[in-house]
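Geometric and topological summary
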Amino acid sequence: MPLALKGRLKDHPRLAREYFTVTRMIELYCHHHHQHPTLCNECLSLLAFSKRRLERCIYGVEKPTCTNCQVHCYKPEQRRQIREVMKWAGPRLLLKHPVLTIQHLIDQRRAAPVHPNAGSN
């Protein structure tokens, strides 16, 4: 039950795929830990937050994976939650969605772009 895509997420396939990947991870996590058939309110809130972060990323379509990013835009609580979700769901995603996992691993190998505000004084 992903949220509707608009703007950058809808227009750029890699960003849409990154959103789809985080959606699947949160769904796997919620289904196992909260025994919820869809997404519980806490996980739906985390997904909505993640979606906003993707939409508003200062790197735009050149966005690196969060692991390679120099800007950590998640609030501390959401950062803790998403780390917990990714740590648990990441290995399991390989079995459920192998193509998404491989594409994400390939994306992680891409070098992070230069920060958009670097060098501007």
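In this report, the structure presented in the accompanying data block is examined. (Residues numbered from 1 in each chain as written. Predicted model: local features only at pLDDT ≥ 70, side-chain atom pairs only at ≥ 80, totals over all residues. Heavy atoms only, no water.)

1. Some thoughts on the overall build of the chain
Quick reminder of the rule: The secondary structure listing takes helices from DSSP runs of H or I that are at least 4 residues long and strands from runs of E that are at least 2 residues long, numbered from the N terminus. For every residue, the accessible area (1.4 Å probe, protein chains only) is compared with the maximum for its type, and the residue is labelled buried under 20%, exposed over 50%, or partly exposed between those bounds. Accessible areas in this description were obtained via Shrake-Rupley with a 1.4 Å probe; residue shielding takes into account the shown protein chains only.
Assigned secondary structure in the chain consists of 5 helices and 0 strands. Element order for the chain, N to C, with α for helix and β for strand: α-α-α-α-α. Classification of the 121 residues of the chain by burial places 38% in the buried group. Working note: accessible area of the chain is about 7,600 Å², and carbon and sulfur atoms make up 57% of it.

2. Some words on helix α2 (residues 13–33)
Definition in use: Multiplying 1.5 Å by the residue count of a helix minus one yields the expected span of that helix.
An ideal rise of 1.5 Å per residue puts 30 Å on 21 residues; α2 measures up with 30 Å between its terminal C-alpha atoms. Counting buried residues along α2, 15 of its 21 residues qualify, which places the element largely inside the surrounding structure. Positive backbone phi, at 45 degrees, marks Q35, one or two positions downstream of α2.

3. Remarks on the nonpolar core
Applied cut-off: Only buried Ala, Val, Leu, Ile, Met, Phe, Trp, Tyr and Cys residues count toward a nonpolar core, and they belong to the same one when joined by side-chain atoms within 4.5 Å. Between two residues, a contact is recorded if the distance between any of their heavy atoms is within 4.5 Å.
I26 and C43 are the most contacted members of the largest nonpolar core, which totals 22 residues. Among the elements of the structure, α2, α3 (41–55) and α4 (76–96) are those that each provide at least two residues to this core. Looking at which element gives the most residues to this core, the answer is α2, with 8 residues. Residues within four places of C43 in sequence aside, it is in contact with I26, Y29, C30 and H34.

4. Structural notes on the packing of aromatic side chains
Let me state the cut-off plainly: Here a pair means two rings of Phe, Tyr or Trp (six-membered ring of Trp) with centres within 6.5 Å. Their orientation is stacked below 30 degrees between planes, edge-to-face above 60, and tilted elsewhere.
Counted according to the given criterion, the structure contains 2 aromatic pairs. Here the aromatic rings of F49 and Y74 are separated by 5.2 Å at their centres, their planes lie at 75 degrees, and the arrangement is edge-to-face. Of this pair, F49 sits in helix α3 while Y74 sits in the loop between α3 and α4, and the two are 25 residues apart along the sequence. Assigned by exposure class, F49 and Y74 land together as buried.

5. Remarks on the environment of S50
Of note, S50 is situated in helix α3. According to the relative accessible area criterion, S50 is buried, its value standing at 1%.

6. Quick look at helix α5 (residues 98–108)
To keep it simple, the criterion reads: By construction, the arc corresponds to the directions joining the helix axis to the C-beta atoms.
Within α5 the residues assigned to the buried category are L100, T101 and D107. Looking down the long axis of α5, one finds its buried residues gathered within 120 degrees of arc, a one-sided arrangement. Pointing more than 90 degrees away from the buried face of α5 are the exposed residues V99 and I106. Contacts from the buried residues of α5 go to α2 and α4.

7. Here we look at the state of the cysteines
Inclusion rule: Throughout, a disulfide means two cysteine sulfur atoms within 2.5 Å of one another.
Throughout the structure, instances matching the rule amount to 0 disulfides. There is no disulfide at C73, and the cysteine sulfur nearest it, in C57, is 6.2 Å away. On the basis of relative accessibility, which here comes to 35%, the residue C73 falls in the partly exposed class.

8. Remarks on the side chain of T21
Here T21 lies in helix α2. Non-local contacts of T21, meaning those with residues more than four positions away in its chain, are made with L93 and L100.

Just geometry here; none of it tells us what the structure is for.
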